[in-house]
Every structure is written in C-alpha cells, then in structure tokens.
Amino acid sequence: MDKIKMTTPLVEMDGDEMTRILWQMIKDELLLPFIDLKTEYYDLGLEYRNQTNDQVTIDSAEATKKYGVAVKCATITPNAARMTEYDLKEMWKSPNGTIRAALDGTVFRAPIQVKGIEPCVKNWEKPITLARHAYGDVYKNTEIKVPGPGKAELVFTGEDGKEIRQTIMDFDGPGIIQGIHNKDKSIESFARACFNYALDTKQDLWFATKDTISKIYDHNFKDIFQDIFDKEYKEKFDAAGIEYFYTLIDDAVARVMKAKGGFIWACKNYDGDVMSDMVSSACGSLAMMTSVLVSPSGVYEYEAAHGTVQRHYYKHLKGEETSTNSVATIFAWTGALRKRGEMDGIQELQDFADKLEEATLGTIESGKMTKDLALITSLENVTVLNSEGFIKAVRESLEQELA
C-alpha cells in the first residue's frame, strides 16, 4: 500500500530513558512503514536541554503554537540526584510546566479502557476524563514555618499604595502558614479550554470546588466558569446535547464513584493532580492513561501520562530484557495524528490513528501484553511479551486491520 501523505508537520518532542527507546521502536514499527511522516523534531532529552540551557523546550513550545499539534515523549524533571548523574548546569524546570505556561494550556487525562483490564469501580463503563487547571494553588505557594507566638497577616499592596489587610491567625505557639494565589486570566483560559474540549469530544462537563468554605478563592472559580458558560457556551452546549454541571468537590467525588463515566471532570490544580491518579489507578495503570494539553486558542500537545520508566532503562542499559508498557505512548501518537488529520482534512490519517488504537487494544484482548497488565488482567492464559515484542505484536494486528 502507498504511504499516507501528510501536508503539515507534527511537532515531535523526543524524551528520556526507556520511553525514548520505546519512542523510536514505535516510529520504526508502527508509523514509518505506513505514513510519510512529517515532523519538526525537537530533542527534549535532558542532556540536550542542558546543552541548550533549556532553549530547546521553549523553541518546541513556539513551534507547537505555529503548527497547532505536537506529540511529546516523557521527559525527566531533574532533582538533586539527576544533577550529579547528568552533570547539569542547573536544576532545569519541568518541560511540561514550561510548555503548559507557554501555551496557557489545560491538561486533559483519560484512562485507556480495554477488555480484560476492568476498572476497580465496577460501574465505570466509559472513561472519565480529568481536566486539571495546571496553574497556581499549592504549586506556586509561599510558606512560612512559624517559630512561636505572633500575628500572621495577609497583605495586598496595590500599585496606588493602598493596602488590603486580613489577619490570618494570632499564633500562641509554633505553626505553619501557606499563601496561595491564582489569576482571573488563567481561570478564564481554563474554563474556555474545558468548554471547548467538551464540545470537541461531545461529553458532559462537571466542575467542582469547595465554594461553601472558600467563599472568595474557590467561589471565584465557580463564578468565572458560570459567567463564561452563560455568555459564550450555553447555546452551543444545548445545540450539542451536552450539559455543564457544577457541584462541590466532595459531592463530585461521591457522584463519580456511582457514575458510569463518559464525561469530563474539571478540577483545580491540586484536586486534578490527586483525582487523575485515583482514576488511572482504579482503571489499571498510569501506563494506560492518555494526556493532552489544550490551549484556549485550539493548540494540542499529546503525551503519555507517565514518566520515563527509569528502572527499566537501567535494566536496558545492562542488556537485560524489559517488559515496558508502550500503550499510552502509542496513543499519544495516534491522538496527534488524528488531530493533524482533522485539521488538515486528511481522512486517511484519522482512519489510520483509529486502526492503530484498535490494533493495540486488540493485541491486549487477544492475550498478548506486557508484564504490568498480565499481573492485573482477568484474561486467562496470557502471553507476556517484552517491550519490543509487544510493539511487534501490535504491528501484526495493525497489518491485519489495514489489509
């Protein structure tokens, strides 16, 4: 068969460790034989980020704005141990954080459900997509360890010199203080990204905070969402036959446990961090979780929700066999290819993405899978494959799908 032609490049962001190894295997086995793949390549491996003083990360984000669609491999966010291991000039920031800030994006994560890997919550029939506001809250906090008795105050000084002052606590002994913030502009971008993604995927949208307790901070989120929905999206939601639903975060958690799934759950930063791990774990594995960063302007960056699988990489370097799950990384590619096909009007590319996903899931459902899935599957007489073996098995299934 002739290779599928592309007209506009994807932005390709390569990564680190075992996922970098899988990245190349996926391209060699599942993409290049079937697609005349056009990408603008950026090496976000830690060594090259260090070499370029992290300019490559900034450049990749700018390219994503230009072309509209990117696909990203998992990358290392360095800690003190990595500073020594990679002889780094400095402890570079998270590439994901840099790209999120550049795109003003919201992260949407959803489990990849497959027969034989049933969710722990038995009534979850469809995936629940978590939308996380990836700005502010405890992730940009300021903290003080209070040494002893004293008065703690929250103070805002305007440009005109006027002060707003509130007493936090009159301490009678040691304690702790935390200051968090958010910006209306960021919350507005978060809301629009959520509403647009709901329309794009034809799913209901839930949003939850604790506005009954946090009557200013959390209530501001609620008010901004409702105002934007009423003014800009209500008629579009009605026409699409989908719903926007607000409730308290504790009520949302209770409802989610009894729901069938198939909706988007929008959360503030910390809530989204926690709840996405809960949903992914309940559905089997972080290696079975998609992640897409969406900007309010309609730019998309697809990746796997997991890390670089460091332990397997060290085994790989020793020449030992690994059985690393590549499903989420495959789905990062399919998501990006499908979106590129949608934007460029290339139905063949969209169909290929669908068939590659079907081939991947079909391989697992036939009993061929990596070790992590074999440990939790309800299927019997499964065949455990190594990293390369699983990708080759997917290729066999794909060739049958395309025949």
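Rules used in this analysis
Residues numbered from 1 in each chain as written. Predicted model: local features only at pLDDT ≥ 70, side-chain atom pairs only at ≥ 80, totals over all residues. Heavy atoms only, no water. Buried < 20%, exposed > 50% of the residue type's maximum accessible area, 1.4 Å probe, protein only. Helix = DSSP H or I, 4+ residues; strand = E, 2+ residues; numbered from the N terminus. Pairing = 2+ DSSP bridges. Right-handed = clockwise from strand over helix to strand, strands pointing away. 1 Å grid on protein atoms, 1.4 Å probe; cavity = no way out; pocket = protein on both sides within 12 Å on 5 of 7 lines; lining within 4 Å. Points joined across faces, edges and corners; volume = space filled by probe spheres on them. Nonpolar A, V, L, I, M, F, W, Y, C, P; charged D, E, K, R; others polar. Axes fitted to C-alpha atoms, helices over the stretch in contact; angles between N-to-C directions. Parallel < 35°, antiparallel > 145°, perpendicular 65-115°, else oblique. Left-handed = near helix turned anticlockwise from the far one by under 90°. Contact = heavy atoms within 4.5 Å. Arc of directions from axis to C-beta. Disulfide = S-S within 2.5 Å.

Draft legend 1. Structural view of the pairing of strand β12 (residues 204–209). With five of six residues buried, β12 is to be regarded as a mostly interior element. Both β12 and strand β13 (residues 244–248) contribute to a ladder of five bridges, which runs parallel. From the neighbouring strand, phenylalanine 207 faces β13, where its bridge partner is tyrosine 246. You can see the chain leave β12, run along helix α7 (residues 217–240) and come back into β13, and the turn it takes is right-handed.

Draft legend 2. Main features of the layout of surface pockets. By volume, the largest pocket amounts to about 920 Å³. In terms of lining, the largest pocket is formed by 25 residues, of which the most central are Leu154, Gly179, Ile180, His181 and Tyr217. When residues of the lining of the largest pocket are traced back to their parent elements, those giving at least two are β8 (142–146), β9 (150–157), β10 (163–171), β11 (175–179), α6 (184–201) and α7. Taken together, the residues that form the lining of the largest pocket break down as 12 nonpolar, seven polar and six charged.

Draft legend 3. Expanded view of the packing of helix α12 (residues 347–365) against helix α14 (residues 387–402). Running from N to C, α12 and α14 point in directions that differ by 125°, and their axes come no closer than 8 Å. In terms of orientation, α12 and α14 fall into the oblique class. As for how α12 packs across α14, the hand of that crossing is right-handed. Mapping the contact onto sequence places Phe352, Lys355, Leu356, Glu358, Ala359, Thr360, Thr363 and Ile364 in α12 and Phe390, Ala393, Val394, Ser397, Leu398, Glu401 and Leu402 in α14. Classifying every residue of the contact of α12 with α14 gives nine nonpolar, three polar and three charged.

Draft legend 4. Representation of helix α8 (residues 249–258) within the structure. Those residues of α8 lying buried are Ile249, Ala252 and Val256. Here the buried residues of α8 occupy an arc of 50° about the axis, which is enough to place them on one side. In this structure, the buried side of α8 is in contact with β12, β13, β14 (263–267) and α9 (269–282).

Draft legend 5. Main features of unusual backbone geometry. Residue lysine 202 is not a glycine yet carries a positive backbone phi of 55°. Of note, asparagine 381 is a non-glycine position whose phi angle comes to about 55°, a positive value. Among the structural elements, asparagine 381 can be located in the loop between α13 (371–374) and β18 (383–384).

Draft legend 6. Expanded view of the state of the cysteines. Taken as a whole and assessed by the stated rule, the structure comprises zero disulfides. With no disulfide of its own, cysteine 194 lies closest to cysteine 267 among cysteine sulfurs, the gap being 9.2 Å. You can call cysteine 194 buried: its relative accessible area is 0%.

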